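Structural characterization, general
What follows is each chain in one-letter form.
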Amino acid sequence: MKSICLCALVCSLAIAQPPQQPGTKWTQDQLLAAVAPARAGRKLTPHSWPNGARVAVALSFDVDNESYLLAAGQTSPTTLSAADFGAQSGLPRILALLDKYQLPASFFIPAVSALLHPEMIPAIEKSGRHEIGVHGWIHESPPAINDAAEEERLLNQAIDYLTKATGKRPVGYRAPGWAFSQYTLGLIRKAGFLYDSSLQAMDEPYEIVSSGQPTGMVELAIDWTLTETPYLGHGGTMPSPELLYQLYKDEFDGAYQERTLFVLTLHPHVTGHRAPIRHLDQFIAYMKSKPGVWFATCEQVARYVKTAQ
Ligand SMILES: [Zn+2]
């Protein structure tokens, strides 16, 4: 008997607990309320892009470096060094590549990344082509904070830091970890942001609706397939960037066909490595070879779609 009981104990420990499913008990009103804070509103793809371009391309970079590790209390020098790669080798290579093709890009920076690497912002600003947007104070998770006042404190701290460091108040917001809390949209509206680039309900620009009301906030949507962190680098599931860049190319071709918008989000501590940046170089060359591609910062795209309505 004793051995059977032991076996049952081991088995019960080995089998993962089924996930909690509170939503199964929610009323219809509760279900509608759950999705209400930030939903997709009207499409904002304009009838035409500047100079008759077929597609707008916004290259964006989330300059996380060590910030998200420090937010989690991680202080292992080895682990931090792999993220420090983003500032040491990654960002300089990315900026050199953008200079090679004379392209603009948007850099979303957790303020702590800039604090740890004060040379980054001047390096990004040097060409005069790039935009700097907000990506949290220390890449904190707004849903994990789950407190409007604390989220606002960190958001304002980040805005103040970047405003001081760049001499210009940022107009673009991308949530750390691309994760809104239920308070985030209200906070970024209050802070006066022109656009958000964290949600994913369409693969073209749209207006965010909150509790059924249009907000005027432009959404330049991103997507977990249009970034590299789940696929490359530490913990990534794809050994080569080749397949990933095939996917990016197919997505770009689709946006080109549909005459909408292609937003790519990359990270200097991952894409700055030799293999992925070679593929990024080739991909940019491919996009540049097509007629009618408008390369722009997210800010330029957001301003254009807002005035083109
Ligand atoms: Zn990030």
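Our subject is the structure that appears above.
This write-up is about the structure you can find in this document.

**Describing the overall build of the chain**
If you tally the helices and strands in the chain, you get 13 helices and ten strands. By the compact-globule yardstick of 19 Å for 309 residues, the chain fits well, its C-alpha radius of gyration being 21 Å. The dimensions of the chain, computed from C-alpha atoms along their principal axes, are 80 × 45 × 40 Å. Across the 309 residues that make up the chain, the buried fraction comes to 48%. Intrachain contacts of the chain at a sequence separation of at least 6 include 72% that bridge at least 24 residues. When the accessible surface of the chain is split by element, carbon and sulfur atoms take 56% of a total near 15,200 Å².

**Structural notes on the coordination of the zinc ion**
Protein ligation of the zinc ion involves Asp64 (OD), Asp64 (OD), His135 (NE2) and His139 (NE2), the donor distances falling in the range 2.1 to 2.6 Å. For the zinc ion, the single-chain donor residues occur in sequence as D-x70-H-x3-H. Of this pair, Asp64 sits in the loop between β2 (55-62) and α3 (67-71) while His135 sits in the loop between β4 (131-134) and α7 (142-145); the two residues are 71 residues apart in sequence, bridging distant segments of the chain. Comparing Asp64 with His135, the two get one shared label, buried.

**Quick notes on helix α13 (residues 298-307)**
All of the buried residues in α13 are Cys298, Glu299, Val301, Ala302 and Val305. Looking straight down α13, one finds its buried side chains confined to an arc of 165°; they lie on one side.

**Structural notes on the nonpolar core**
Counting 64 residues, the largest nonpolar core has Leu59, Phe107 and Phe262 as the members making the most contacts within it. A per-element tally of this core places helix α4 (residues 77-101) first, with seven residues. With residues up to four places along the chain from it excluded, the contact list for Leu59 reads Leu98, Leu103, Ala105, Ser106, Leu264, Ile284, Met287 and Ala296. Ala58, Leu194, Tyr195 and Ala302 belong to the second largest nonpolar core, which has 21 residues in total.

**Quick word on the layout of surface pockets**
Size it by volume and the largest pocket reaches roughly 500 Å³. What lines the largest pocket is a set of 20 residues, and nearest its centre among them are Tyr68, Thr229, His234, His269 and Val270. Sorting the residues of the lining of the largest pocket by element identifies α3, α4 and α11 (268-271) as the ones contributing at least two each. When residues of the lining of the largest pocket are assigned to their parent elements, the largest contribution, three residues, is made by α4. Class assignment for the residues of the lining of the largest pocket results in eight nonpolar, ten polar and two charged. The computed volume of the second largest pocket comes to approximately 220 Å³. What lines the second largest pocket is a set of 18 residues, among which Asp203, Glu204, Leu226, Glu251 and Leu261 lie closest to the centre. Counting residues per element, the ones that place at least two in the lining of the second largest pocket are α10 (241-258) and β9 (261-266). Of all the elements, α10 adds the most residues to the lining of the second largest pocket, at four residues. For the lining of the second largest pocket, the residue count by class is nine nonpolar, four polar and five charged.

Cut-off values and rules
- Residues numbered from 1 in each chain as written.
- Predicted model: local features only at pLDDT ≥ 70, side-chain atom pairs only at ≥ 80, totals over all residues.
- Heavy atoms only, no water.
- Helix = DSSP H or I, 4+ residues; strand = E, 2+ residues; numbered from the N terminus.
- Rg over C-alpha atoms; globule rule 2.2 N^0.38 Å.
- Buried < 20%, exposed > 50% of the residue type's maximum accessible area, 1.4 Å probe, protein only.
- Contact = heavy atoms within 4.5 Å.
- Areas by Shrake-Rupley, 256 points an atom, 1.4 Å probe, with all protein chains shown as cover.
- Donors = N, O, S within 2.8 Å, 3.2 Å for Na, K, Ca; no water.
- Arc of directions from axis to C-beta.
- Core = buried A, V, L, I, M, F, W, Y, C linked by side-chain atoms within 4.5 Å.
- 1 Å grid on protein atoms, 1.4 Å probe; cavity = no way out; pocket = protein on both sides within 12 Å on 5 of 7 lines; lining within 4 Å.
- Points joined across faces, edges and corners; volume = space filled by probe spheres on them.
- Nonpolar A, V, L, I, M, F, W, Y, C, P; charged D, E, K, R; others polar.

Taken by themselves, the reported measurements are silent on function.
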